Amino acid sequence: MKVMAQLAMVMNLDKCIGCHTCSVTCKQAWTNRPGTEYVWFNNVETRPGQGYPRTYEDQDRWRGGWIRDKKGRLRLRDGGRLAKLLRIFANPRLPGINDYYEPWTYDYENLTSAPLGDTLPTAAPRSQITGEPMKIEWGPNWDDNLAGSAQTMAKDPILKKVSDEVKEKLEETFMFYLPRICEHCLNPSCVASCPSGAMYKRSEDGIVLVDQDRCRGWRMCVSGCPYKKVYFNHKTGKAEKCTLCYPRMEVGLPTICSETCVGRLRYLGLVLYDADKVLEAASVENDADLYEAQCEILLDPNDPEVIAAAKAEGISDDWLEAAQRSPVYALINTYKVALPLHPEYRTMPMVWYIPPLSPVVDAVSRDGHDGEDVGNLFGAIEALRIPIAYLAELFTAGDTKPVDDVLRRLAAMRSYMRDINLGRDTQPHIPASVGMTEEQIYEMYRLLAIAKYEERYVIPTAYTGEIPAAAHDLECSLSGDGGPGMYEGGPFASPTDGPVPVAVESFHATRPRSRMNLLNWDGGGVPAGMFPEEQKQ
C-alpha cells in the first residue's frame, strides 16, 4: 500500500443558483490577460445542455480520456505515441473557436465620439480576436436557463444515451446548474497525452499543473482531456488550465471560486488514497463498477494501518489530521452522497457532486401533499421530473442505483430533521431505512446545511516556516466585514490581530511602492511614506 494525499472538492448541486460569481472571480484572478479571452477555468452549465465547449462529452467526436482494450489494459482513446506523432503538427481532435465562442467586447468609444444625429449611438460588439464587428451567436453560458428548449436539447450528448421516454418529456424536465473546473484526476489522461512532459501531477497534493517552460504548444493535452478543461493560449503558445488556486491552498486559503461562492456549495479537503490500486480501479471491466472502484481506493484516515503507512511515505501529522477532518472524505465515503463526474472516462476524477433533490419537495407540495414526509419523498424520487437515468449518465456511468441511494439519503435527512426543527420526537426508522444512524444523519445535516467556514474548507498548509512580517496585513480582498470571505477583521485589520497568510490577489501589495496605499493602513500610527519627508534647508 502506497499512501498518497490528494486535495479534492465536492459541490452540492442543491445549493447552486447559477449566479456565475465563481466564474467571474476565477476569470478576474486567473484569465484576464491577452490570449485567454475565451478561457473559463470555472464555468457553470445549465443541464440539460450542450456544455462548454459545445458537446464536450461526445467522446466519439473528441476522443478524450481512456478506454479499456480487449486485454484489460488502459489505452488513450485518442491514440498512443505513434498516432500522436503522425499528427503532431495538425491535430484534428480539437474544439475550434466556434465550439468555445468568439470572445467579444463592445465599441464603447462610439457612444462618445459618434457625430450628432437623430438616433442614439450604440456600442456594437467587436471581436476581441480580430477587432472587427461581429454578430454574437454563442457564448460560454449560452444554454443558461434554456433547459427544455428543443433547439438546445437536440445536441446534448447525455440525452442521446437515455431512453426515448425521457426525450419525449423534455418539456417537463426541470433544469439544474453544474459548475465545472479541472477534475485534477488521479489518472489524468491529459498528463499521459503531453509529448513534452510539461503536464504533471504534483506528488505532494495531487494538483495537476502545466510547466510553462516545458510546454511546446502541441495541444495534445487539450484533445486528451475528456472534460476539455485544458486551454490553449494563442498569444503565448502555451497550454493553460485550472491550478486549483495552489498559491492560496498552500497557505491554507480555499480556491477563489469556493471563497466567493454565494450558495456556499463547495467543500475542500484532503483525501488519502492507495496509489498502487489506481490503475487497477481505473481498469475494471464494466463502466458501472468504476464509481465503487474509486471509492474503494480512498483510504480511511482513522485506520491505524493507513496512518502508519502514510507516515512512512512522509505525510506529516498536520496533513493526517486534515484528512481525518476532511468534509470531502465524509461526503464521499462516510455519508456516500457525493458522486464523480463521468467516471466512465476512467481518469478517476477528484471533483465530486451531490446530485440535486430540491424539486422533489416542490413537486410533492404542489399536489397538496406533505413535501417532507419520508414516504411521499421516497415515492416522488421514482417519478422525479429530471430522470434518474440522466443523472446516472452524468455521475455513475449509467447505473441508476447509486443515484437513487444518494437521493434517498438526502430525502431521509430532510424528513428526519423536520421532526427536530418542529420540536417533535425523532423517527429512528428513517435513517435506518437508508442504512444510517441518527448521529450520522444529524452530522450530515450540519455539514450540508449549516457548516462553518473552517468545516467546509479543511486545507493543510504547505508552508511550515514563519509568515513574513510584510504579509501580516494581507488576506483575501473579499474578506472584509460582511464580505463573502468571512474572515475576522478583513483587509483593514490591524497587525495585532495575528498573522494572516498572504493571498494571491493581494500579492502585488507586498512589492515596494513609492507611495503609501491607504487601503492597507490599519488606522494606527503613521506608516512610512504616508507623509512626504521634511526637506532639509
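Right above here is the structure, for reference.
Everything numeric here is computed off the predicted structure, so don't read it as measured data.

A. Highlighting the overall build of the protein chain. If you tally the helices and strands in the protein chain, you get 23 helices and 15 strands. A buried classification covers 51% of the 537 residues belonging to the protein chain. Taking the intrachain contacts of the protein chain between residues at least 6 apart in sequence as the baseline, contacts between residues at least 24 apart amount to 70%. Surface accessibility of the protein chain: about 25700 Å² in total, with carbon and sulfur atoms responsible for 51%.

B. Region of interest: the pattern of salt bridges. Counted under the stated rule, the structure contains 22 salt bridges. The partner of R325 in a salt bridge is E321, and the shortest N-O contact between them spans 2.5 Å. Judged by relative accessible area, which is 36%, E321 ranks as partly exposed.

C. Looking closely at the packing of helix α14 (residues 304–312) against helix α15 (residues 317–324). Where α14 meets α15, the closest approach of the two axes is 10 Å, and the angle between their N-to-C directions is 145 degrees. The interaxial crossing formed by α14 with α15 has right-handed handedness. Counting all contacts with α14, which are made through I307, A310 and K311, the residues of α15 involved are D317, L320 and Q324. For the contact of α14 with α15, a count of residues per class yields three nonpolar, one polar and two charged.

D. Local environment of the side chain of R346. Along the chain, R346 turns up in the loop between β14 (339–340) and β15 (351–354). Separated by 3.4 Å, the side chain of R346 and the backbone oxygen of E285 make a polar contact.

E. Just a nonpolar patch on the surface, in detail. Among the surface-exposed residues, L82, L85 and L86 lie close enough to one another that they form a single nonpolar patch of about 370 Å² accessible area. Its place among the elements puts L85 in helix α3 (residues 81–86). What makes L85 exposed here is its relative accessible area of 57%.

F. Fine view of a negative patch on the surface. The grouping of E285, D289, E292 and E296 at the surface amounts to a negative patch. When its relative accessible area of 39% is taken as the criterion, E292 is described as partly exposed.

G. Geometry of the pairing of strand β12 (residues 266–274). Taking burial as the measure, the nine residues of β12 include nine buried ones, the bulk of the element. Covered by surrounding structure in β12 are R266, L268, L270, L272 and D274 together with Y267, G269, V271 and Y273, the residues of both alternating faces. Where strand β1 (residues 3–12) and β12 come together, nine bridges link them in antiparallel fashion. Directly across from M9, in β12, lies its bridge partner L268.

H. How the structure looks around the packing of aromatic side chains. Counted under the stated rule, the structure contains 16 aromatic pairs. Consider the rings of Y38 and Y231, whose centres lie 6.0 Å apart with planes at 75 degrees: the pair is edge-to-face. In this pair, Y38 is assigned in the loop between α1 (21–30) and β2 (43–47) and Y231 in strand β10 (residues 230–233), connecting sequence segments 193 residues apart. By the burial criterion, Y38 is buried, and Y231 matches it. Aromatic side chains Y227 and Y345 sit 5.4 Å apart centroid to centroid with 65 degrees between the ring planes, which places their arrangement in the edge-to-face category. In this pair, Y227 sits in the loop between α9 (220–224) and β10 while Y345 sits in the loop between β14 and β15, placing the two residues 118 residues apart along the sequence. Overall, the relative accessible area of 3% leaves Y345 in the buried class. Counting every residue linked through ring pairs, the aromatic cluster contains Y38, F41, Y52, Y100, Y101, W104 and Y231. R54 extends its terminal NZ or CZ atom over the ring of W138, reaching a point 4.0 Å from the ring centre. Here R219 stacks its cationic end above the ring of F232, 4.4 Å away from the centre of that ring.

I. Seen up close, the side chain of H342. Assignment of secondary structure puts H342 in the loop between β14 and β15. Overall, the relative accessible area of 0% leaves H342 in the buried class. The contacts of H342, once residues within four sequence positions are left out, are E57, I158, Y227, E393, L394 and F395.

J. View of the sheet that holds β1. If you trace the five strands from one edge of the open sheet to the other, you get β13-β12-β1-β15-β14, paired in mixed fashion. Two strands lie at the open edges of the sheet, namely β13 (298–299) and β14, each paired on one side alone.

K. Representation of the nonpolar core within the structure. Residues V10, L272, L331 and F395 are the most contacted members of the largest nonpolar core, which totals 130 residues. Broken down by element, the residue count for this core peaks at nine residues, all from helix α20 (residues 400–421). Residues within four places of L331 in sequence aside, it is in contact with V10, Y267, K336, V337, A338, I354, L447 and L448.

L. Structural view of empty space enclosed by the protein. Tallied over the entire structure, the rule returns seven cavities of 30 Å³ or more. Considering only enclosed or pocket space, the largest cavity measures out at about 100 Å³ in volume. Along its surface, the largest cavity is lined by 15 residues, and C182, C185, C190, C225 and Y227 are the ones closest to its centre. Tallied by class, residues from the lining of the largest cavity come to nine nonpolar, three polar and three charged.

M. Up close: the packing of helix α19 (residues 388–395) against α20. Running from N to C, α19 and α20 cross one another at 110 degrees; their axes reach a closest spacing of 8 Å. Classified by the angle between their axes, α19 and α20 sit roughly perpendicular to one another. In this structure, α19 contributes I388, A389, L391 and A392 to the contact, and α20 contributes T400, V403, D404 and L407. Here the contact of α19 with α20 is built from residues that sort into six nonpolar, one polar and one charged.

N. Just the state of the cysteines, in detail. Going through the model one piece at a time under the given rule, you end up with zero disulfides. For the unlinked cysteine C22, the closest cysteine sulfur is that of C261, found at 6.3 Å. We classify C22 as buried; its relative accessible area is 8%. Cysteine C194 shares no disulfide, and the gap to the nearest cysteine sulfur, in C221, comes to 6.0 Å.

O. Structural view of the environment of L244. Position of L244 among the secondary structure elements: in the loop between β11 (238–241) and α10 (246–249). Look at L244 and you get buried, because its relative accessible area is 3%. It is 7.9 Å that separates the C-alpha atoms of L244 and C182, two residues lying 62 residues apart in sequence. If we skip the residues at most four places from it in the chain, L244 touches L7, M9, I181, H184, I207, M249 and T255.

About the criteria used
- Residues numbered from 1 in each chain as written.
- Predicted model: local features only at pLDDT ≥ 70, side-chain atom pairs only at ≥ 80, totals over all residues.
- Heavy atoms only, no water.
- Helix = DSSP H or I, 4+ residues; strand = E, 2+ residues; numbered from the N terminus.
- Buried < 20%, exposed > 50% of the residue type's maximum accessible area, 1.4 Å probe, protein only.
- Contact = heavy atoms within 4.5 Å.
- Areas by Shrake-Rupley, 256 points an atom, 1.4 Å probe, with all protein chains shown as cover.
- Salt bridge = Lys/Arg side-chain N within 4 Å of Asp/Glu carboxyl O.
- Axes fitted to C-alpha atoms, helices over the stretch in contact; angles between N-to-C directions.
- Left-handed = near helix turned anticlockwise from the far one by under 90°.
- Nonpolar A, V, L, I, M, F, W, Y, C, P; charged D, E, K, R; others polar.
- Polar contact = N/O pair within 3.5 Å; in protein donor to acceptor, adjacent residues only side chain to side chain.
- Patch = residues over 30% accessible without salt bridge, like charges linked within 9 Å, V, L, I, M, F, W, Y side chains within 5 Å.
- Lys, Arg positive; Asp, Glu negative; His and termini not counted.
- Charge placed at Lys NZ, Arg CZ, Asp CG, Glu CD.
- Pairing = 2+ DSSP bridges.
- Phe/Tyr/Trp six-rings, centres within 6.5 Å; stacked < 30°, edge-to-face > 60°.
- Lys NZ or Arg CZ within 6 Å of the ring centre and 35° of its normal.
- Core = buried A, V, L, I, M, F, W, Y, C linked by side-chain atoms within 4.5 Å.
- 1 Å grid on protein atoms, 1.4 Å probe; cavity = no way out; pocket = protein on both sides within 12 Å on 5 of 7 lines; lining within 4 Å.
- Points joined across faces, edges and corners; volume = space filled by probe spheres on them.
- Parallel < 35°, antiparallel > 145°, perpendicular 65-115°, else oblique.
- Disulfide = S-S within 2.5 Å.

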